[in-house]
Protein chains: 2
Amino acid sequence: MAPRQFEPPSGTRDFLAGALRTRERVFAQIREVFERYGFEPLQTPAFERLETLTGKYGDEGDKLIFKILRRGEHEATGETDLALRYDMTVPLARVVAGYGSQLPTPYKRYAMGPVWRADRPGKGRFREFTQCDVDVVGSGSPLADAEVVCALTDALDAVGVREYRVLVNSRQALSGLLEAYGIPADLGGGVLITLDKLDKLTPEKVSAELVEARSLDPDIATALVGDLTAADAVERMQTVLKDSEVGRAGLDEIGQLLELATPRIGAERIAFVPSLVRGLDYYTGVIFEVVAEGMPGSIASGGRYDGLISALGGPDVPACGGSLGVERIIGLLSADDGDEHLIDVAATLIAEDTASEVMGFVARLRDVGLRTEVYLAASRKLAKQLKWAAERKARFTLIYGAADKNAGLITVRDMDTGEQGQVPTNELAAYLTEKCAPSR
Amino acid sequence: MAPRQFEPPSGTRDFLAGALRTRERVFAQIREVFERYGFEPLQTPAFERLETLTGKYGDEGDKLIFKILRRGEHEATGETDLALRYDMTVPLARVVAGYGSQLPTPYKRYAMGPVWRADRPGKGRFREFTQCDVDVVGSGSPLADAEVVCALTDALDAVGVREYRVLVNSRQALSGLLEAYGIPADLGGGVLITLDKLDKLTPEKVSAELVEARSLDPDIATALVGDLTAADAVERMQTVLKDSEVGRAGLDEIGQLLELATPRIGAERIAFVPSLVRGLDYYTGVIFEVVAEGMPGSIASGGRYDGLISALGGPDVPACGGSLGVERIIGLLSADDGDEHLIDVAATLIAEDTASEVMGFVARLRDVGLRTEVYLAASRKLAKQLKWAAERKARFTLIYGAADKNAGLITVRDMDTGEQGQVPTNELAAYLTEKCAPSR
């Protein structure tokens, strides 16, 4: 069964009821947290004009954009004019540019929906996956940075991921670091990319790469890596960074974020990590990553990116934001809800001429909010219908036979205990509402 | 402002918070009804392999499919290999074929999500729009037809659209009609397409089109249109259809649907309409359309299509289903929630050194579920911050000045009445929870 033509396209997934319900529950929990923070939802189209996206993600990113062929008479040209959304940030920049004063100031928005990247599909890597972003556009306040970090960690708490650590640094602190160790400006970017590997490679390997791949003076490399990996790295950096203006500015913004966010997050879950770099070079202020024990990579990340909205075609406004690695988080959660009742009530139909009456009972149960199904196959055999009710994991099953009908009663079978009894038909909805109440 | 490059692509829309919340509320109401009926959600990818879609929608439909260019080394060929989802039915057929016994029998599923069609955008016509389908795959029972119709009308009731009429007919009844009036098989399809216009054109115009465009004998055309538009059309058709086997089968399936669905829907809202045709030729049994006063076209429609799943590449199983015109319904609803509070509490920040404390108050309010925002701009002037709180339509505003702080109090301003008073900071969450309870 299931030959290739019936599978979803490479890198995409079909979500059947169980998996989809888990996803929707997680999305709803996250959405509720963002709403409590006053973030507003934004939904943009699945595709944008091609020119809106190209040139925004670097050469490598551009290659991963799904492009849509022109239609009608233009189809034969092989030209493309639209492209699938690659992230949530470029559409945000377009919206901020286009709607201007229609938006609140600052504009605090969240976006949760699919993005598409033509990456090589692999374990846990998809071509269609959900991104989940919060951003504050139009505020340079450290409170905005703290709101973003706390909204993301509150969302993690809400979905039940509580063993995490928020690593905080600042682009200005990193500039101060380069200055303090006398690293030439043209080497700075490469040095930072290598330093970012300190969480994966040994200090010796990082030092070697700094010298070999980044042309850094061996003495400087040794001192820098030694200081960053020392037990008192934070204190050493605080001393070193105080010597430059940019370093002091970096320490200051890190300090403000920690002061505002620590009471919420807890001192054991947030810390200044001087070697945190974050790959993307558009960050201008604080940067952060959230990591969890036993998980590779980060489960949330972000920072301040004051120049990005204008670089993406929007107005020149300060902004900060972050992403929740929602696919990774869902992957962590056990999808085991095997014991749960899929429906509250299964109605059997053992006599054709009672169909209309049974539909009436069913309608009343649905009216009181009970998830109710009626048997739709042709068999009128009770045994077969009870098997169906068990497969549907019904909490209760209804049986309406001739004896029931003559007495104005209906038989209710408790599928957990196997017990059954008769209930007056006009009391059925009230009876089952009470019975189902605790389990729902 | 808003030059073209900042608009969403032609035929698509950005949904800002207000419109999006209205949509999400409607989707949630509909979803809840479908779940009560025991329909399971299914979500398939935004795109399918091109060959899954082509040839399934007729020549006209094929032209409206958005095709995705191949990537990497294949990009220059101009070839396409993927295409955006055009409807929910072809993906359903693929899933039924691919997952087989993993799915319940019958498989009752709903799907609600965007589809994409390269239609000419126009008033109320979009290239990206939400489709909302319920289908029962694997049951030939009239109960299944009734479940589909009632799930859709219950959903209409749930979203507040109650003035509608369900028009019912049957493909078999239409075949019996053609037979009864001696209409040759090769003319049948065209005749039905013209008859479908009886709700828009005068009987004379329909008769003329039957003769001119469909080559129907003028006497037959006059008799047919006369009978279908007579005050007692239903009785005339019941008599006429009894003469053929297919006509009797049609009357029988219409009768069963009416018997099962009328108690739920109400006799005044559902009727046999012998001239109802429905354009799509894949229907094999009962067909229905839901119309509402003052609305062009239908707000829901569907029917039984026993051969379609196999024609679309799935197994040969009976099936029926229907669609809710959810975009049309949302268009009907007044988007006016202008008086509603966007947030519960706006926290001002008038002294820099209280930022951390104010963040603490805000965190506690969010913990009790209150939608709370803190002022993120640079000004420390109260007047400016109160203006912001009013723009955010906050229910209450917090002010924490030096006098408040010294007394262990915080000032709470009721934004509806303008009244303000002081509350002990440790009682703030309880106080505001109670105050906000009735309005939420």
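Residues numbered from 1 in each chain as written. Chains lettered and ligands numbered in written order. Predicted model: local features only at pLDDT ≥ 70, side-chain atom pairs only at ≥ 80, totals over all residues. Heavy atoms only, no water.

Focus: the UniProt feature "binding site: L-histidine" (unreviewed entry) in chain A
Residue and element names in this part refer to chain A.
- Mapped onto this numbering, the UniProt entry annotates "binding site: L-histidine" (unreviewed entry) at Asp87, Met88, Thr89, Arg117, Gln131, Asp135, Arg278, Tyr282 and Tyr283.
- Setting aside anything within four residues of it in sequence, one finds Asp135 in contact with Phe39, Leu92, Tyr107, Lys108, Arg109, Tyr305, Cys320, Gly321 and Gly322.
- Among the polar contacts made by the side chain of Asp135, one reaches the side chain of Arg109 at a distance of 2.9 Å.
- In this structure, Tyr283 sits in the loop between β8 (270-272) and β9 (286-292).
- A relative accessible area of 7% means that Tyr283 is categorised as buried. (UniProt positions renumbered as here; feature names shortened; annotations may be inferred. Contact = heavy atoms within 4.5 Å. Polar contact = N/O pair within 3.5 Å; in protein donor to acceptor, adjacent residues only side chain to side chain. Helix = DSSP H or I, 4+ residues; strand = E, 2+ residues; numbered from the N terminus. Buried < 20%, exposed > 50% of the residue type's maximum accessible area, 1.4 Å probe, protein only.)

Notes on the relation of the copies chain A and chain B
- Overlay of chain A on chain B (RMSD 0.1 Å): rotation 180°, translation along the axis 0.0 Å. Accordingly, the operation relating the two chain copies is best matched by a two-fold axis.
- A shared binding surface is used by both copies, with 100% of the interface residues of chain A retained as interface residues in chain B. (Least-squares fit on C-alpha atoms with pLDDT ≥ 70 in both.)

Describing the interface of chain A and chain B
- Contacts between the two partners involve 90 residues from chain A, matched on the other side by 90 residues from chain B.
- Surface buried jointly by chain A and chain B totals about 7900 Å² across both partners, of which 58% is contributed by carbon and sulfur atoms.
- Counting the surface chain A buries against chain B, the share from its top three residues, Arg36, Arg49 and Leu376 of chain A, is 10%.
- Taken together, the connections running from chain A to chain B amount to 16 salt bridges.
- Of the charged contacts, one joins Asp367 of chain A and Arg264 of chain B as a salt bridge, the two residues approaching to 2.6 Å between their closest N and O atoms.
- Partitioned by chemical class, the residues of the side of chain A that touches chain B number 47 nonpolar, 17 polar and 26 charged. (Buried area = accessible area lost by both parts, 1.4 Å probe. Salt bridge = Lys/Arg side-chain N within 4 Å of Asp/Glu carboxyl O. Nonpolar A, V, L, I, M, F, W, Y, C, P; charged D, E, K, R; others polar.)

With respect to the nonpolar core
- Core analysis: the largest hydrophobic core is formed by 119 residues, its most contacted members being Ile30, Phe34, Leu195 and Leu324 of chain A.
- Ranked by the residues each element gives to this core, the list is headed by helix α5 (residues 142-158) of chain A, at 10 residues.
- Residues in contact with Leu324 of chain A, not counting those within four places in the same chain, are Ile30, Phe34, Cys132, Leu152, Ala155, Leu156, Ile299, Ala300 and Ile329 of chain A.
- Of all hydrophobic cores here, the second largest spans 117 residues; its members include Val358 of chain A together with Ile65, Val96 and Ala151 of chain B. (Core = buried A, V, L, I, M, F, W, Y, C linked by side-chain atoms within 4.5 Å.)

A word on the domain arrangement of chain A
- Per the domain assignment, the segments making up chain A are domain 1 (16-332) and domain 2 (343-435).
- Domain 1 of chain A and domain 2 of chain A are separated by 53 Å when their C-alpha centres are compared. (Domains from an automatic or database assignment.)

Some remarks on the side chain of Arg85 of chain A
- Within the secondary structure, Arg85 of chain A sits in the loop between β4 (80-84) and α4 (89-99).
- Although Arg85 of chain A lies buried, it forms no salt bridge, and the closest oppositely charged side chain, Glu128 of chain B, sits 6.3 Å away as judged by the N-O distance.
- Within the structure, the side chain of Arg85 of chain A is placed 2.9 Å from the backbone oxygen of Thr44 of chain A, a separation counted as a polar contact. (Lys, Arg positive; Asp, Glu negative; His and termini not counted.)

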